Amino acid sequence: MDDPYSYVAEFKRISVSLNYERIFQRIYGSQIKLLQFLAALENSVKEFVLAQSYAEHISLAENSNLTLVEYINFLKDSGLLIETGKDHYRINQYGKDFLTYIVEQYPYTWNGKSM
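Procedures and definitions
By convention here, each chain's residues receive numbers from 1 onward along its written sequence. Reporting of local features is limited, given that this is a predicted model, to residues whose pLDDT is at least 70; pairs of side-chain atoms are given and counted only at 80 or more, and all residues count toward the totals for whole chains, interfaces and linings. To obtain the side-chain values, all non-hydrogen atoms of the structure were included, while hydrogens and water were left out. Secondary structure counts use DSSP, requiring at least four H or I residues in a row for a helix and at least two E residues in a row for a strand, with both numbered from the N terminus. Residues count as neighbours in contact if any of their non-hydrogen atoms are within 4.5 Å of one another. Positive charge is attributed to Lys and Arg, negative charge to Asp and Glu, and no charge count is given to His or to the chain ends. In this description, the location of a charge corresponds to atom NZ of lysine, CZ of arginine, CG of aspartate or CD of glutamate. Multiply 1.5 Å by the residue count of a helix minus one, and that product is the helix's expected span. In protein, a polar contact requires one atom able to donate a hydrogen and another able to accept it; more generally it is a pair of N or O atoms within 3.5 Å, and residues adjacent in sequence count only if both atoms are side-chain atoms. For every residue, the accessible area (1.4 Å probe, protein chains only) is compared with the maximum for its type, and the residue is labelled buried under 20%, exposed over 50%, or partly exposed between those bounds. A pair of strands is considered paired only if DSSP assigns at least 2 bridges between the two.

**Description of the overall build of the protein**
Next up, step 1: Scanning the protein from terminus to terminus reveals five helices and three strands.
Next up, step 2: Listed by position from the N terminus, the elements making up the protein come as α-α-β-α-α-β-β-α.
Next up, step 3: Taken along the three principal axes of its C-alpha coordinates, the protein extends 55 × 30 × 25 Å.
Next up, step 4: Pairs at least 24 residues apart make up 59% of the contacts formed inside the protein by residues separated by at least 6 positions.
Next up, step 5: Side-chain charges in the protein split into 11 positive and 14 negative, and the spacing between the mean points of these groups amounts to 4 Å.

Pasting the structure below:
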């Protein structure tokens, strides 16, 4: 690997992987399910759809003090979700790539994360 461009490409790959790992350690299973749902759509969705996923999280999670805003902001701040208009959201390419990454890295356990 004497080519400097190879080093840069490898550094970028490792950096993105590390960021995905950080996200995966903090994300809830219901958020992953929500991202999967959004990845299958072509259009953005209203916040109401995200609120349904949040309601599922609250009903299944033990002792969750997470608010809807925090639930959505985690996805936005992690770069997995973008707001396309007032109360409209969609998954972006980084979010789709995150889903691909976790399926490849954790083929047997990624969908078993706690809600």
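**Points about helix α5 (residues 93-105)**
Next up, step 1: Spanning 13 residues, α5 covers 18 Å between terminal C-alpha atoms, matching the ideal 18 Å at 1.5 Å per step.
Next up, step 2: On the buried face of α5, the contacting elements are α1 (4-26), α2 (29-39) and β3 (88-91).
Next up, step 3: The backbone nitrogen of Tyr94 has a side-chain oxygen 3.3 Å away, supplied by the residue at the start of α5, namely Asn92.

**Regarding the pairing of β3**
Next up, step 1: Burial of the side chains of β3 is restricted to one face: Tyr89 and Ile91 are buried, whereas none of His88 and Arg90 on the reverse face is.
Next up, step 2: Two strands pair when backbone bridges link them, and strand β1 (residues 45-46) and β3 are joined in this way by two bridges, in the antiparallel orientation. By the bridge assignment for β3, Lys46 is matched with His88.
Next up, step 3: Relative to β3, strand β2 (residues 81-85) runs antiparallel, the two being bridged by four bridges. The residue bridging Gly85 from the neighbouring strand is His88, located in β3.
Next up, step 4: Where β2 folds back onto β3 in an antiparallel hairpin, the turn is made up of two residues, including Asp87, whose phi is positive at roughly 60°.

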